[in-house]
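Notes for the structure review
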Amino acid sequence: MTTAAFRPLRAAEITAWDHEADVVVAGYGIAGVSAAIEAARAGADVLILERTGGWGGAAALSGGIVYLGGGTPLQRELGFEDTPENMKTFMLAALGPGADEAKISDYCDGSVEHYRWLTDNGVVFKSAFWGEPGWEIPGDEGLMYSGGENSAPFNEIATPAPRGHVPQMSNKRTGEQGGGYMLMKPLAEVAESLGVTPVFDIRVQRLIVDDADRVVGIAAKKFGDEVFVRARRGVVLTTGSFAYNDAMVASFAPQLIGRPAAAIEEHDGCSIRMAQALGADLAHMGATEVAFFADPQLMARGILVNGRGQRYVPEDTYPGRVGQLTLLRNDNQAYLVIDEASYEEGCATTSSTPYFRFPPKWAAETVAELESDMGLPEGTLQATVEVYNRHAAAGTDPVLGKKPEWVRPIGTPVAALDLRNCTAGFTLGGLHTTVNSEVLHVSGEPIPGLYAAGRCTSGVCAGGYASGTSLGDSSFFGRRAGIAAAAN
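My aim in this report is to walk through the structure given alongside it, one point at a time. (Residues numbered from 1 in each chain as written. Predicted model: local features only at pLDDT ≥ 70, side-chain atom pairs only at ≥ 80, totals over all residues. Heavy atoms only, no water.)

Tallied over the full model, the rule gives 15 aromatic pairs. Residues Phe 129 and Tyr 145 carry aromatic rings whose centres are separated by 6.0 Å and whose planes lie at 80° to one another, so their mutual orientation is edge-to-face. Remark: Tyr 145 occurs in the loop between β6 (143–144) and β7 (164–165) and Phe 129 occurs in strand β5 (residues 129–130); sequence separation between them is 16 residues. Classification of Phe 129 by relative accessible area gives partly exposed; the value is 31%. Ring centres 6.1 Å apart and planes at 70° place the aromatic pair Trp 135 and Tyr 318 in the edge-to-face group. Remark: Tyr 318 occurs in the loop between β14 (303–305) and α11 (319–329) and Trp 135 occurs in the loop between β5 and β6; sequence separation between them is 183 residues. The class of Trp 135 is buried, set by a relative accessible area of 12%. In this structure, Lys 103 packs its charged tip against the face of Phe 477, placed 5.8 Å from the ring centre. (Phe/Tyr/Trp six-rings, centres within 6.5 Å; stacked < 30°, edge-to-face > 60°. Helix = DSSP H or I, 4+ residues; strand = E, 2+ residues; numbered from the N terminus. Buried < 20%, exposed > 50% of the residue type's maximum accessible area, 1.4 Å probe, protein only. Lys NZ or Arg CZ within 6 Å of the ring centre and 35° of its normal.)

Printed below as a string of structure tokens:
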């Protein structure tokens, strides 16, 4: 689609409207459905425009983790103490630099209420805790650590509390019907019960403004035909990130060139471009989540080293943090050094990512031999292992702070998994919005009639990431968008 195709239309040019509603939502993922529910409950007539053939978006294909805290009923029931202030301290430390403090404060203060909103709308969280390392929960437990809260350095900055809330699921199929599906399904059913009308297989392309530059509709295409949709009160954009827009990735987040990992290819940045054509401001466009294709159960039992044979991250932390530090700070060079006993022990555990348990590329009887086989600078890996083992004999890791339960000397035989270039990710930056999900013009003023939420906006993450923040802030600020749009 050319740049010209995003330019806004004037309402005076529209001779007939094909659809009309008080609030028009573009995108039927978690942000869109949350906006639609709240707008409908506020008395608005709501229409959702969805590019695919059904509801769900990337949310329905995700692991379903929702980042919630501050003392949710599930946290308390499982014996974990948390407060909004403690949650905020962690999020500001982990999700920056430059994290939006106003959004994070609002999100933390409203987290318990948002949990209740989800459960009141049919989302079920099983009262069980999963305490093992992992990208996701392999079973149907409802709570996990999902951001490195209990790992260095964050466990000394804020009191650790698990905040990854996962909807209970049946017949789980990872990437097909898991926690994300069980999050979206009840919300979509609620939207339908409220009379929200979806239009599927329609692709939004341009915003429509009146003579006062207020957004009053959307121009779209359905099976090649142009469709004009009028919004009497407001338009809400929720169409996802720009991870699959090659030109935008090259311009804003070149570290992800050739390695997109959003759940659906419809994340092409169209909402961002449409709003930019009206002068919308952007924020944190270079920020990215980075997945790391290694099994956390194995990582915690070994040591991760870079291309210089040096450790660079506590191996028991959130794997997304490992991915970011690997790609952004260590030239995407990583190796997992692990002894035979720890490798076999890790492979015997339950994991949500057993497909990341591939065989080591190198194996040797000594660290010196392994270092040579790997082609690392002479003496580097030997020095790293010597220092690690010296402290591990006492159960400590003063260099990076790995928790004592995972600290043990590296023995022999010893092996290494080749984890170079094992990263991919999605974008976190987007439209600059207020805490009420108003899209801001570059002047700093809200664009009248235009709201946005989800991954097409810059949410609570400005650099770092924690699993569940996307679904969490998308639904939280999606609700805000629906309420604000309906109030016009």
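Following the structure, the description resumes.
For the rest of this paragraph, the subject is unusual backbone geometry. Here the amide bond leading from Gly 96 into Pro 97 is cis, since omega sits at 5°, within 30 degrees of zero. Along the chain, Pro 97 falls in the loop between α4 (84–94) and α5 (101–109). Residue Pro 153 follows Ala 152 across a cis peptide bond; omega there is 0°. For Pro 153, the location among the structural elements is in the loop between β6 and β7. Non-glycine residue Asp 213 carries a positive phi angle of around 65°. Here Asp 213 shows up in the loop between β9 (203–209) and β10 (215–222).

What follows covers the environment of Glu 226. Along the polypeptide, Glu 226 turns up in strand β11 (residues 225–237). Each C-alpha atom, one on Glu 226 and one on Gly 454, is 26 Å from the other, the two residues being 228 residues apart in sequence. If we skip the residues at most four places from it in the chain, Glu 226 touches Asp 18, Ala 220 and Lys 221. (Contact = heavy atoms within 4.5 Å.)

Here the focus is the sheet that holds β6. Ordered in space as β4-β7-β6-β5, the four strands form an open sheet in which the pairing is mixed. With partners counted over all chains shown, the strands left at the sheet margins are β4 (66–67) and β5, one partner each. Bridge count between β6 and β7: two bridges; the pairing is antiparallel. Following the sheet pairing, Met 144 is matched in β7 by Gly 164. (Pairing = 2+ DSSP bridges.)

Glancing now at the pairing of strand β15 (residues 335–339). Taking burial as the measure, the five residues of β15 include five buried ones, the bulk of the element. Of the two faces of β15, the one carrying Tyr 335, Val 337 and Asp 339 and the one carrying Leu 336 and Ile 338 are both buried. Note that β15 and strand β17 (residues 414–418) share five bridges and pair antiparallel. Each bridged residue has a counterpart across the sheet, and for Val 337 the counterpart in β17 is Ala 416.

For the rest of this paragraph, the subject is the sheet that holds β14. On the basis of which strands lie adjacent, the open sheet formed by four strands has the order β14-β15-β17-β16 and antiparallel pairing. On the outer flanks of this sheet lie β14 and β16 (362–364), each paired with one strand and no other. Put simply, the sheet's adjacent strands are angled 20° from each other on average, direction ignored. Two elements, β16 and β17, share three bridges in a ladder whose sense is antiparallel. (Axes fitted to C-alpha atoms, helices over the stretch in contact; angles between N-to-C directions.)

In this section: the pattern of salt bridges. Tallied over the full model, the rule gives 25 salt bridges. Salt-bridge contacts for Arg 357 lead to Asp 295; the nearest nitrogen and oxygen are separated by 3.1 Å. You can see Arg 357 sitting in the loop between α12 (340–347) and β16 and its partner Asp 295 sitting in the loop between β13 (288–292) and α10 (296–299), a full 62 residues away along the chain. Across this residue pair, the class does not change: Arg 357 and Asp 295 are buried. The salt bridge involving Asp 418 is made with Lys 361; its shortest N-O contact spans 3.4 Å. Residue Asp 418 is located in strand β17, and its partner Lys 361 is located in the loop between α12 and β16; the two are separated by 57 residues in the primary sequence. One salt-bridge network, held together by shared partners, links Glu 20, Asp 22, Asp 45, Arg 230, Arg 232 and Arg 233. (Salt bridge = Lys/Arg side-chain N within 4 Å of Asp/Glu carboxyl O.)

Among the secondary structure elements, Ser 111 is positioned in helix α6 (residues 111–120). Take Ser 111: its relative accessible area is 0%, and that puts it in the buried class. For Ser 111, the residues in contact, after removing those within four places along its chain, are Leu 68, Gly 69 and Met 87.

Let's shift gears to a negative patch on the surface. Together, Glu 340, Glu 344, Glu 365, Glu 369 and Asp 373 give the surface a local cluster of negative charge. Those elements giving two or more residues to the negative patch turn out to be α12 and α13 (367–374). Take Glu 369: it is sitting in helix α13. Residue class for Glu 369 comes out partly exposed when judged on its relative accessible area of 37%. (Patch = residues over 30% accessible without salt bridge, like charges linked within 9 Å, V, L, I, M, F, W, Y side chains within 5 Å. Areas by Shrake-Rupley, 256 points an atom, 1.4 Å probe, with all protein chains shown as cover. Lys, Arg positive; Asp, Glu negative; His and termini not counted. Charge placed at Lys NZ, Arg CZ, Asp CG, Glu CD.)

Looking now at the environment of Met 184. Mapped onto the secondary structure, Met 184 falls in helix α7 (residues 179–193). For the pair Met 184 and Val 123, spaced 61 residues apart in sequence, the C-alpha separation works out to 8.5 Å. Discounting chain neighbours no more than four positions away, the residues touching Met 184 are Tyr 28, Gly 29, Ile 30, Val 33, Trp 55, Gly 56, Ala 59 and Ala 60.

In this structure the tally under the stated criterion is zero disulfides. Cysteine Cys 422 is unpaired, with the sulfur of Cys 347 as its nearest cysteine sulfur at 15 Å. (Disulfide = S-S within 2.5 Å.)

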